[in-house]
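Structural overview for review
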Amino acid sequence: MKEYVPETYKLGKAQKTGMKTVRVLQVLGGTSLGGAESRVMDSYRHMDRNRIQFDFAVHTREKGFFDEEIERLGGHIYRFPRFRVINWPAYRRAWKDFFREHPGYRAVHGHMTSTASIYLPIAKKSGVPLTIAHARSAGVDPGLKGKLTRFLRRNLGKKADMCLTCSQLAGEAVFGKKMWDEGRVKTVPNAIDAPAFAYDEKIRERMRRSLSIPEDAFVIGHVGRFGHMKNHLFLLDVFAAVNKKLPGTRLLLVGEGGLMEQVKEKAAALGVLEQVIFTGNQGKVSDYYQAMDFFVFPSLFEGLPGSVIEAQACGLRCLISDSVTPEVLITELAEAKPLSMGAGDWAENVLLRKDYRREQMAQAVREAGFDVSDQVKLLEEIYL
């Protein structure tokens, strides 16, 4: 195997001049529009970057959605090989080389917990004062990949200076119930820029016109990556059942992912493909919530999905799986039901609750502690 050498960048102005800007390395799979990436970027935008600056270590050679913004805000992006077990020695060597070539980080914040047990101890031995493991999911992918993730996470709590989580379920899943019960895991909610999602009738009208949605059409919405955990196939069954009783209903799906083609195939088999709108990834996702009437989120597992918080901030009624942490039920708009009820009963719940008046809920989200301004204050205390 060819040895991988991390990309290097010129030192930033703060590093050259000796200014007291603290640099924190955020470790992620990539810089796409995923949940973890979006939450980190929300914090980055609101952070006092004269005091704290982020750099990003990612595990892909592909350009990400946020790359240009990161560089514009003063951050550097470093690319590492994707961990594949057989490249374990090369992966460790890449991290050792990186910290030898890039000293001076105040903290390494690992959101990619599958390999945090490898790179966080290396960071510590390389002189990084603070290493952080951040649990963002309460489950793993099926099959061998999931088993490997669990194996790599074992004793992760003992290999980091600080353990953070977005929810109790995620904290227990990644670090273990014992650590949670002992109070050794700190919760940092997946906060959002709440005012940016405030309901706006004019934006709603504009978006529905641009998406060719009839004015009187009922629109079920979902925001998330097309992957196993999001359970899009069940969502299609719910939509088809609703559409059968309320013809003309639309399903608005925002996101991309490996299972998108499978979802399209099932939509065609159910005879509803023409009523499903696939938007792909969208930078200004707040506008798409405006076009929806009801948010349905039947995930098999989650950490703490920011999209459910965003939907409530936009005044949308939500039906979510009870597999999702109850910490997202922050307003009366959201209700959790078991997937075992079946798609038919989920559809009945949607139809029963579909008529309501959209109200401004951004302030309620802020008061519940899910606004990014509060989260930034907490992160600044941790980093400094």
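Look a little higher up for the structure.
None of these values were measured; they are calculated from a predicted model.

1. Brief notes about helix H14 (residues 343-352)
- Those residues of H14 that fall on the buried side of the exposure criterion are Ala343, Trp346, Ala347, Asn349, Val350 and Leu351.
- Summarising the contacts, the buried residues of H14 are in contact with strand S8 (219-223), helix H10 (232-245), strand S11 (294-297), strand S12 (317-321) and strand S13 (334-337).

2. Section: the packing of H10 against H14
- Relative orientation of the contacting elements H10 and H14 amounts to 55°, with a least axis distance of 8 Å. In terms of axis orientation, H10 runs oblique to H14. Considering how the two elements wind past one another, H10 and H14 form a crossing that is right-handed. On the side of H10, the interface is formed by Phe234, Asp237, Val238, Ala241, Val242 and Lys245, while H14 contributes Ala343, Trp346, Ala347, Glu348, Val350 and Leu351.

3. Observations regarding the sheet that holds strand S10 (residues 276-280)
- The strand order across the open sheet built from six strands is S10-S9-S8-S11-S12-S13, with neighbouring strands paired in parallel fashion. The open sheet has two free edges, formed respectively by S10 and S13, since each of these has just one partner strand. Neighbour-to-neighbour, the strand axes of this sheet turn through a mean angle of 20°, independent of strand direction.
- Note: S11 against S12, four bridges, orientation parallel. Bridging across to S12, Phe295 finds its partner in Cys318.
- Packing against the sheet, H10 makes contact with S8, strand S9 (250-254), S10 and S11, and its axis sits at approximately 160° to S9.

4. Brief notes about the pairing of strand S2 (residues 52-58)
- Among the seven residues of S2, seven are classified as buried, and the element is accordingly described as predominantly covered.
- Burial along S2 is two-sided: the residues Ile52, Phe54, Phe56 and Val58 and Gln53, Asp55 and Ala57 are all buried.
- Relative to S2, strand S1 (residues 22-27) runs parallel, the two being bridged by six bridges. Considered in S2, the bridge of Val27 is made with Ala57.
- Once the chain exits S1 it traverses helix H2 (residues 35-46) before rejoining the sheet at S2, and the crossover so formed is right-handed.
- With three bridges connecting them, S2 and strand S3 (residues 77-79) associate as parallel partners. The residue of S3 that forms the bridge with Ala57 is Tyr78.

The rules behind these values
- Residues numbered from 1 in each chain as written.
- Predicted model: local features only at pLDDT ≥ 70, side-chain atom pairs only at ≥ 80, totals over all residues.
- Heavy atoms only, no water.
- Buried < 20%, exposed > 50% of the residue type's maximum accessible area, 1.4 Å probe, protein only.
- Helix = DSSP H or I, 4+ residues; strand = E, 2+ residues; numbered from the N terminus.
- Contact = heavy atoms within 4.5 Å.
- Axes fitted to C-alpha atoms, helices over the stretch in contact; angles between N-to-C directions.
- Parallel < 35°, antiparallel > 145°, perpendicular 65-115°, else oblique.
- Left-handed = near helix turned anticlockwise from the far one by under 90°.
- Pairing = 2+ DSSP bridges.
- Right-handed = clockwise from strand over helix to strand, strands pointing away.

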